[in-house]
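Coordinates in review
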Amino acid sequence: MSEFRQNISTGEWVIVAPERTKRPADYCRERQKTQVPAHSESCPFCPGNEHKCKEPVYEVKSDGKWTLRVVPNIFAAVNRQSPPVRAKDGLYLSAGGYGEAEVIIEAPSHNADIAFMPVEQVQDVIRAYRCRFNELSEDPNIAIVNIFKNYGPTAGASLVHPHSQIIATMVSPPHITEQIFYARRAFNTWGRCVYCDMIKEELAVRKRLVMESEHFIAFCPFASKYPYEMRIMPRKHSAIFGTITPEEESDFAFILQSVLRKLSLLLDYPDYNYYIRSVPNSDGLVQYYHWHLAITPRLVQAAGFELGTRIYINPSLPETCAAELREI
Ligand SMILES: [Zn+2]
Ligand SMILES: [Zn+2]
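Residues numbered from 1 in each chain as written. Chains lettered and ligands numbered in written order. Predicted model: local features only at pLDDT ≥ 70, side-chain atom pairs only at ≥ 80, totals over all residues. Heavy atoms only, no water.

Okay, the coordination of the zinc ion (ligand 2) next. Distances from the zinc ion (ligand 2) to its protein donors, C193 (SG), C196 (SG), H237 (ND1) and H290 (ND1), fall within 2.1 to 2.3 Å. Mapped onto the sequence, the donors of the zinc ion (ligand 2) take the spacing C-x2-C-x40-H-x52-H. Accessibility expressed as a relative area gives 6% for C193, which makes it buried. Look at C196 and you get partly exposed, because its relative accessible area is 24%. (Donors = N, O, S within 2.8 Å, 3.2 Å for Na, K, Ca; no water. Buried < 20%, exposed > 50% of the residue type's maximum accessible area, 1.4 Å probe, protein only.)

Below, the structure is given as structure tokens:
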């Protein structure tokens, strides 16, 4: 039986229409399983090819060798040389392509996988996210710092080498500003953070919970747009990702790696994206928003109905997905 479900934090609707036959195996695609080598001569992110990248803006070293690097993206869609100025183009509005695009090279090894690398390495990745988020947020012309990962070709990854990206832009798109506005309206109405309420609910009913750690919970959202979609949220109310403490950082690395590992094992290494949603540092310690990380596996494709209505049809029940993820 299908039903409409509303995302309480955005007002968006989805249709959950579980197909009885859909099991994890139905989502496992036939892929050419090629062995990825630990080093590739042609990979610009592999040790020895550092000259193919720009100078790093952040680096972690051990015994004189780098173990993580953040470099400016050479194919950047935005840069800080463009003027951060809006201009009228006849009827329309345009602006200089002001922003910053960086690549986080997560490990020297070409075939490392964030889901299976040593957890200390994942902690370095999260620390790099935090440092770059805070530094880029200091630029008054930057409206939003977006940290994300594309894993696998259908998720938009063009290089195999383990990496994530940061794109900071001078404009914030309507669907993000509206989400923040929606949360602010909920706060004005109920006097509480809608995300904190959601965390409380998920911990009480537990059927969509994937796992919990000391400082975070991971769950499949009630109104998931995609099968096996997950959110990781800090238990403590916190609007800004950049305020994460070193202790929370280690715990975040642990829970992120654990859920990505569950996803990889349950669905045979599916392609996925994840992104961190946060208000910018300049917004101060707001009470109405709650930063989080969203994971969206690329198992089904959005089509005309989704493009036309932005109502997503999810063929899997989030409660079933959570139970399967919990057990693995
Ligand atoms: Zn490589
Ligand atoms: Zn909250």
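Where helix α5 (residues 246–266) meets helix α7 (residues 318–327), the axes come as close as 9 Å, and the angle between the chain directions of the two elements is 100 degrees. Comparing their axes, α7 and α5 come out roughly perpendicular. Seen from α5, the contacting residues are K262, L263 and L266; seen from α7, they are E324, L325 and R326. Of the residues belonging to the contact of α5 with α7, the class tally is 3 nonpolar, no polar and 3 charged. (Axes fitted to C-alpha atoms, helices over the stretch in contact; angles between N-to-C directions. Helix = DSSP H or I, 4+ residues; strand = E, 2+ residues; numbered from the N terminus. Parallel < 35°, antiparallel > 145°, perpendicular 65-115°, else oblique. Contact = heavy atoms within 4.5 Å. Nonpolar A, V, L, I, M, F, W, Y, C, P; charged D, E, K, R; others polar.)

The subject of this paragraph is the coordination of the zinc ion (ligand 1). Metal coordination angles in their ideal form are 109.5 degrees for the four-donor tetrahedron and 90 or 180 degrees for the six-donor octahedron. The protein atoms that coordinate the zinc ion (ligand 1) are C43 (SG), C46 (SG), H110 (ND1) and H161 (ND1), at distances of 2.0 to 2.3 Å. With 4 donor atoms in place around the zinc ion (ligand 1) and angles of 104 to 119 degrees between them, the coordination shape is tetrahedral. The sequence motif formed by the donor residues of the zinc ion (ligand 1) is C-x2-C-x63-H-x50-H. A residue pair is termed long-range when its members are at least 10 positions apart, and C43 in the loop between α1 (24–27) and β3 (58–62) and H110 in the loop between β7 (99–105) and α2 (119–137) qualify at 67 residues. (Tetrahedral: all angles 85-135°; square planar, octahedral: opposite > 155°, others 65-115°.)

This next bit is on a nonpolar patch on the surface. The grouping of F116, L265, Y269 and I328 at the surface amounts to a nonpolar patch, some 350 Å² of accessible area in total. Here Y269 is to be found in the loop between α5 and β13 (272–277). In this structure Y269 comes out as partly exposed when scored by relative accessible area, which is 33%. (Patch = residues over 30% accessible without salt bridge, like charges linked within 9 Å, V, L, I, M, F, W, Y side chains within 5 Å. Areas by Shrake-Rupley, 256 points an atom, 1.4 Å probe, with all protein chains shown as cover. Salt bridge = Lys/Arg side-chain N within 4 Å of Asp/Glu carboxyl O.)

Take the nonpolar core next. The nonpolar side chains of a soluble globular protein tend to be buried with one another. With 75 residues, the main nonpolar core has I232, F252 and I295 as its most contacted residues. When residues in this core are grouped by element, the largest group, 8 residues, is from α5. Ignoring sequence-local partners within four residues, the contact set of I295 consists of Y228, E229, M230, I232, L256, V259, L260, L263, N273 and Y274. Counting residues in each nonpolar core, the second largest holds 8 residues, with C53, W66, V71 and V103 among its members. (Core = buried A, V, L, I, M, F, W, Y, C linked by side-chain atoms within 4.5 Å.)

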